[in-house]
Amino acid sequence: MDTNSDGLDLIWGIEDIGKLIGRNYQQTYHMVRAGKLPMVRQIGERYVASRSKLIKFFMDDAA
């Protein structure tokens, strides 16, 4: 997993974001492009998200 070494909990790339949320690349890409994961941002040609924000999003959604 590609995370920043200075203490930020960033996950880079659709594939690694998908692994965290239990989805494959295509499902994750579709969710991001459809706006279903608002915490995922595009930086250049890559996508990035905070691990803690993704987890919180799904935990809050399940509650």
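A brief structural summary. (Residues numbered from 1 in each chain as written. Predicted model: local features only at pLDDT ≥ 70, side-chain atom pairs only at ≥ 80, totals over all residues. Heavy atoms only, no water.)

### Examining the side chain of Thr 28
Among the secondary structure elements, Thr 28 is positioned in helix α2 (residues 25-33). According to the relative accessible area criterion, Thr 28 is buried, its value standing at 0%. Residue contacts for Thr 28: discarding those within four places in its chain leaves Ile 14, Ile 17, Gly 18, Ile 21 and Arg 23. (Helix = DSSP H or I, 4+ residues; strand = E, 2+ residues; numbered from the N terminus. Buried < 20%, exposed > 50% of the residue type's maximum accessible area, 1.4 Å probe, protein only. Contact = heavy atoms within 4.5 Å.)

### What to know about α2
All of the buried residues in α2 are Thr 28, Met 31 and Val 32. For α2, the arc enclosing every buried residue in end-on projection is 100°, short of the 170-degree limit, so these residues lie on one face. Facing away from the buried side of α2 by more than 90 degrees, the exposed set consists of Gln 26, His 30 and Arg 33. Between the side-chain oxygen of the N-cap and the backbone nitrogen of Gln 26 there are 3.0 Å, and the N-cap of α2 in question is Asn 24. Directly after α2, the chain includes Gly 35, whose backbone phi takes a positive value near 80°. (Arc of directions from axis to C-beta. Polar contact = N/O pair within 3.5 Å; in protein donor to acceptor, adjacent residues only side chain to side chain.)

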